Amino acid sequence: MKLPNYEDERKRTNEEVKFIYLDDEFNNDALKNKKYFLKTYGCQMNVHDSEELRAHLENLGAVETDDLDESDIVILNTCAIRENAHDKVFGYLGRCKHIKEQRDLIICLCGCMAQEESVTTEIREKYPYVDIVFGTHNIHELPKLILNHQKKQDIEVYSIEGNVYENIPYKRDSKISAWVNIMYGCDKFCTYCIVPYTRGKQRSRKSIDIIDEVNDLVKCGYQEITLLGQNVNAYGKDLDNEVSFAKLLELVAKTGIKRLRFVTSHPWDFTDEMIDVISKYDNIMPYIHLPLQSGSSKILKLMGRRYTKEEYLDLYKKMKEKISDVAITTDIIVGFPNESDEDFSETLDVVKKCEFDSAYTFIYSPRIGTPAAKMKDSVSLETKEKRLQELNKLINHYSNIKNKEYLNKTVKVLITGISDKDNNKVCGYTETMKLVNVDAPKDTIGKIIDVKITDTKSFSMDGEIV
Ligand code: SF4
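A brief report on the enclosed structure follows. (Residues numbered from 1 in each chain as written. Predicted model: local features only at pLDDT ≥ 70, side-chain atom pairs only at ≥ 80, totals over all residues. Heavy atoms only, no water.)

For the coordinates displayed, the defined rule picks out 10 aromatic pairs. Between Y316 and F356, the aromatic rings sit 5.7 Å apart at their centres with planes inclined by 85°, giving edge-to-face as the arrangement. Taken together, the residues span a long stretch of sequence, with Y316 in helix α11 (residues 309-322) and F356 in the loop between α12 (341-354) and β16 (358-363) at a distance of 40 residues. Like Y316, the residue F356 is buried in the burial classification. Counting every residue linked through ring pairs, the aromatic cluster contains Y307, Y312, Y316 and F356. Taking the ring centre of F19 as reference, the NZ or CZ of K206 above it sits at 4.6 Å. Above the ring of W268, the side-chain terminus of R306 is found at 5.0 Å from the ring centroid. (Phe/Tyr/Trp six-rings, centres within 6.5 Å; stacked < 30°, edge-to-face > 60°. Helix = DSSP H or I, 4+ residues; strand = E, 2+ residues; numbered from the N terminus. Buried < 20%, exposed > 50% of the residue type's maximum accessible area, 1.4 Å probe, protein only. Lys NZ or Arg CZ within 6 Å of the ring centre and 35° of its normal.)

A word on helix α13 (residues 381-404). Helix length check: α13 (24 residues) gives 34 Å between terminal C-alpha atoms against 34 Å at 1.5 Å per residue, within 8%. Among all positions in α13, only K384, R387, L388, L391, L394, I395, Y398, S399, K402 and N403 are buried. Residues of α13 that are buried in the fold lie against α11, β15 (327-334), α12, β16, β20 (448-456) and β21 (461-465). (Expected span 1.5 Å × (residues − 1). Contact = heavy atoms within 4.5 Å.)

Turning our eyes to something else, we now look at empty space enclosed by the protein. Under the criterion given, the structure shown has 1 cavity of 30 Å³ or more. Its volume calculated, the largest cavity comes out at about 240 Å³. If you trace the largest cavity, you find 18 residues lining it, with T136, H137, I139, Y184 and R203 closest to the centre. Elements represented by at least two residues in the lining of the largest cavity include exactly α2 (44-59) and β8 (164-166). Looking at the lining of the largest cavity, the element that brings in the most residues is α2, giving 3 residues. The residue makeup of the lining of the largest cavity, split by class, is 7 nonpolar, 7 polar and 4 charged. Counting residues domain by domain, the lining of the largest cavity receives three or more from each of domain 1 (6-156) and domain 2 (169-404). (1 Å grid on protein atoms, 1.4 Å probe; cavity = no way out; pocket = protein on both sides within 12 Å on 5 of 7 lines; lining within 4 Å. Points joined across faces, edges and corners; volume = space filled by probe spheres on them. Nonpolar A, V, L, I, M, F, W, Y, C, P; charged D, E, K, R; others polar. Domains from an automatic or database assignment.)

On their own, these measurements won't tell you what the molecule is for.
Dropping the structure here:
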């Protein structure tokens, strides 16, 4: 049994990261006729990790089911960013328990929540029916953990992350767009964020391995690649003799992939060189997600974000000037401890100045183990909720305006599937990451087509093939 602890997760050692190339050891029929049910919570990183979980299980012959009641193995791939994500997972475990009381079922819990000391303690004390708990650093051990599982609870969560694994198998959700991890972990330690603990220290992959993966995806016909990391533009800083993120972007752009994107960037690591590369290559999409978090320099300092309101605005301006037709989205937290009315007004001021294309907005949620969770907070929940409403109103106002600018224009859309809104339509994304429901035949799926925008809303647009 290995249990996580916050103390070790916070540590950053100088120990050299090893690059371990996995072999095909677990490719047999050991789980033939077994069905697995996989539920994923949280960010793109978790969605991509679930693609790895699927591959491990299917390499052992298991098949996926979307019906919990007929599954033999349940995996909850969890998120630790907000309190309500915890509540949802523990609620779901109750459902699994009920099924397990009637028949055999292996219940596994993994992802960021599994890396939390408080969660593993709770699982050991109150959820003995959870069979296997593993963390973000040993996803590749899932086959071994399942095949060796006896009746008693196994908790195998490493606090120290260690290595970078290569040759990871993935069963990708899409045959059109693919995620490619370029780094793991984060060393920024923003005071509200649990990621540096749950995902460990920053470990970049070697650019040569990233380019190999991208080349394979291009050969397989993928149209779009999104480079993935908690803080992508810090790429390479942890390795000697490795290229910068700007250079990596350029190398990936040169593979000939039709569309290249990346998430998530930190304003502090965004260099002029990156802006130049993005503006130079047509296949690097003019879309940047640039988390603001707060418009108040005082709150940004308390958050440990390493930039001021003015520096963010300068960067924003530079991007708008140099990258033609760039769309910029953001994340904003309201109600960080002791955010005053003036601080909140500063946030509204930045939103008004930037006119973001859209934003993910949240009420601050304290995470045990982080410095911000220890800060005293005098702001009531009622005030925080009111601020969130006011902010959302403003964000939606600008989203509407931005989308309206597309009306009657013809734009390139990568068609990714059937529209959720109307089964007779297809849907896809513009270069600037706007969702469009398109009147076009189904054989356009997987292609980039010209679409004339006929109607716009806050969160999507309608269009027809030209
Ligand atoms: S940069 Fe992002 S992932 Fe890293 S600590 Fe800050 S908020 Fe968390």
